Amino acid sequence: MLDLRTVMVLLILTTALSALGLLLVRRTYLPVPGVGSWALGNGLMAVAQTLSVAREHLPALFGIVLSNGLTLAAMVVVLAGFQRFTATRVTVLGPGLAVAVGITTLLAWFTFVVPAVEVRAVTIAVTLAGVNGLIGWLLWPDGGKTAPAQRICAGLYYAGMLFYLYCTWVWFEHPPNGLLGGGDLVAIAFLFVFVKVLANGFLQLILVSERLNAEVQRQADDDPLTGALNRRAFTKAANRAVAQAARTGRPLTLLMFDLDHFKRANDCLGHAFGDSLL
């Protein structure tokens, strides 16, 4: 049998280090949307995991309700980070946190008013499956243009969704006897989360690296005023287009145009107007 306490301690350390690494990346390099939310989400998750480990020495309000509530809030924050990273026009942070508060209230009810560990376990598993599925959906390739690391990350979260759905089915039939007495499936669940956090930390750093490289390449190729390709990038793109036209036999068209009396616009209305006109 897996040593659950050891797995949980490794999980806490890995999650905290992931949060620290993402925070350092955010403070050191060019801003990448979503990285701050990833760091905050991992930090909240590390706190939640610490409360779970110490639940035998804490009141149920902290060891059960607050730890699970922070877990849900952390996943919502991470979800919001991926929403910002992918620039998806869906608002998730506010509604997600509201749902997390509602589920936490439900968990408190089934902890103090009507104690039911099976309901708590199934509720948490279903919610985590839903959040993992949403993150996978946000990252899923669109028309084959998604970077490889993003595809792998999407697959990882879809795997998390399927695993938590399996936990839901098992725990519905055979409820776990608490955290430390939950049997092999609880230990496997924590081991799975440990591997997932470790892999996800590497993938997030790769996603940030790819985004930064793309931004540096864009700044090197594009004119900052007009957004058009500079001479070096245009020559490279033109040579590639000519070679493709020669290979496929398809016609190639080049359009040139000139703005008459552009100097007059600068002289009469100012260079700021000329820049906006360009």
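Up top is the structure these notes are about.
Here we summarise the structure given alongside this text. Because the structure is a prediction, the values reported are computed rather than measured.

## Describing the overall build of the chain
Here is step 1 of the chain: Helix and strand content of the chain: ten helices and zero strands.
Here is step 2 of the chain: What you see in the chain, going N to C, is helices and strands ordered as α-α-α-α-α-α-α-α-α-α.
Here is step 3 of the chain: Computed over its C-alpha atoms, the radius of gyration of the chain comes to 25 Å, more than 25% above the 19 Å expected for a compact globule of 278 residues.
Here is step 4 of the chain: Each of the three principal axes of the chain carries a C-alpha extent, and together these read 80 × 50 × 30 Å.
Here is step 5 of the chain: Expressed as a percentage of its 278 residues, the buried residues of the chain come to 40%.
Here is step 6 of the chain: Contacts spanning at least 24 positions in sequence make up 67% of the contacts within the chain whose residues lie at least 6 apart.
Here is step 7 of the chain: With the model as given, the accessible surface of the chain reaches about 16,400 Å², and the carbon-plus-sulfur share is 67%.
Here is step 8 of the chain: Positive and negative side-chain charges of the chain, numbering 20 and 15 respectively, have mean locations separated by a distance of 4 Å.

## Observations concerning the packing of aromatic side chains
Here is step 1 of the chain: Applying the stated criterion across every chain yields a total of seven aromatic pairs.
Here is step 2 of the chain: Aromatic pair F82 and Y157: ring centres 5.5 Å apart, planes at 75 degrees, arrangement edge-to-face. Residue F82 is found in helix 3 (residues 60–85), and its partner Y157 is found in helix 6 (residues 148–173); the two are separated by 75 residues along the sequence.
Here is step 3 of the chain: A relative accessible area of 0% means that F82 is categorised as buried.
Here is step 4 of the chain: In this structure Y157 comes out as buried when scored by relative accessible area, which is 2%.
Here is step 5 of the chain: Between the aromatic rings of W140 and Y158, the centroid separation amounts to 5.4 Å while the plane-to-plane angle is 70 degrees, which identifies the pairing as edge-to-face. In this pair, W140 sits in the loop between helix 5 (117–139) and helix 6 while Y158 sits in helix 6, placing the two residues 18 residues apart along the sequence.

## Let's talk about the packing of helix 4 (residues 93–113) against helix 5
Here is step 1 of the chain: The contact between helix 4 and helix 5 brings their axes to 9 Å, and the two run at 165 degrees. Judged on the interaxial angle alone, helix 5 and helix 4 are roughly antiparallel. As helix 4 runs across helix 5, the sense of the crossing is left-handed. Here helix 4 contributes I103, L106, L107, F110 and T111 to the contact with helix 5, which in turn contributes V119, R120, T123, I124 and T127.
Here is step 2 of the chain: Here the residues of the contact of helix 4 with helix 5 are counted per class, giving six nonpolar, three polar and one charged.

## Observations concerning unusual backbone geometry
Here is step 1 of the chain: Although it is not a glycine, A87 adopts a positive phi angle of roughly 55 degrees.
Here is step 2 of the chain: Given a relative accessible area of 61%, A87 falls into the exposed group.

## Thoughts on the side chain of T88
Here is step 1 of the chain: In this structure, T88 sits in the loop between helix 3 and helix 4.
Here is step 2 of the chain: Side chain to side chain, T88 and T86 meet in a polar contact 2.8 Å long.
Here is step 3 of the chain: Discounting residues that sit within four places of it in the chain, T88 has contacts with Q83 and L138.

## Some thoughts on a nonpolar patch on the surface
Here is step 1 of the chain: Residues L58, L61, F62, L66, W109, F112, V113 and V114 make up a contiguous nonpolar surface patch of roughly 700 Å² in combined accessible area.
Here is step 2 of the chain: Every element with two or more residues in the nonpolar patch is listed here: helix 3 and helix 4.
Here is step 3 of the chain: As for its position among the elements, L58 is in the loop between helix 2 (35–53) and helix 3.

## A word on the packing of helix 2 against helix 3
Here is step 1 of the chain: One way to put it is that helix 2 packs onto helix 3 with a least axis distance of 8 Å and a crossing angle of 165 degrees. Relative to helix 3, the element helix 2 is oriented roughly antiparallel. Handedness of the crossing formed by helix 2 with helix 3: left-handed.
Here is step 2 of the chain: Residue classes in the contact of helix 2 with helix 3 are distributed as 16 nonpolar, eight polar and one charged.

What counts and how
Residues numbered from 1 in each chain as written. Predicted model: local features only at pLDDT ≥ 70, side-chain atom pairs only at ≥ 80, totals over all residues. Heavy atoms only, no water. Helix = DSSP H or I, 4+ residues; strand = E, 2+ residues; numbered from the N terminus. Rg over C-alpha atoms; globule rule 2.2 N^0.38 Å. Buried < 20%, exposed > 50% of the residue type's maximum accessible area, 1.4 Å probe, protein only. Contact = heavy atoms within 4.5 Å. Areas by Shrake-Rupley, 256 points an atom, 1.4 Å probe, with all protein chains shown as cover. Lys, Arg positive; Asp, Glu negative; His and termini not counted. Charge placed at Lys NZ, Arg CZ, Asp CG, Glu CD. Phe/Tyr/Trp six-rings, centres within 6.5 Å; stacked < 30°, edge-to-face > 60°. Axes fitted to C-alpha atoms, helices over the stretch in contact; angles between N-to-C directions. Parallel < 35°, antiparallel > 145°, perpendicular 65-115°, else oblique. Left-handed = near helix turned anticlockwise from the far one by under 90°. Nonpolar A, V, L, I, M, F, W, Y, C, P; charged D, E, K, R; others polar. Polar contact = N/O pair within 3.5 Å; in protein donor to acceptor, adjacent residues only side chain to side chain. Patch = residues over 30% accessible without salt bridge, like charges linked within 9 Å, V, L, I, M, F, W, Y side chains within 5 Å. Salt bridge = Lys/Arg side-chain N within 4 Å of Asp/Glu carboxyl O.

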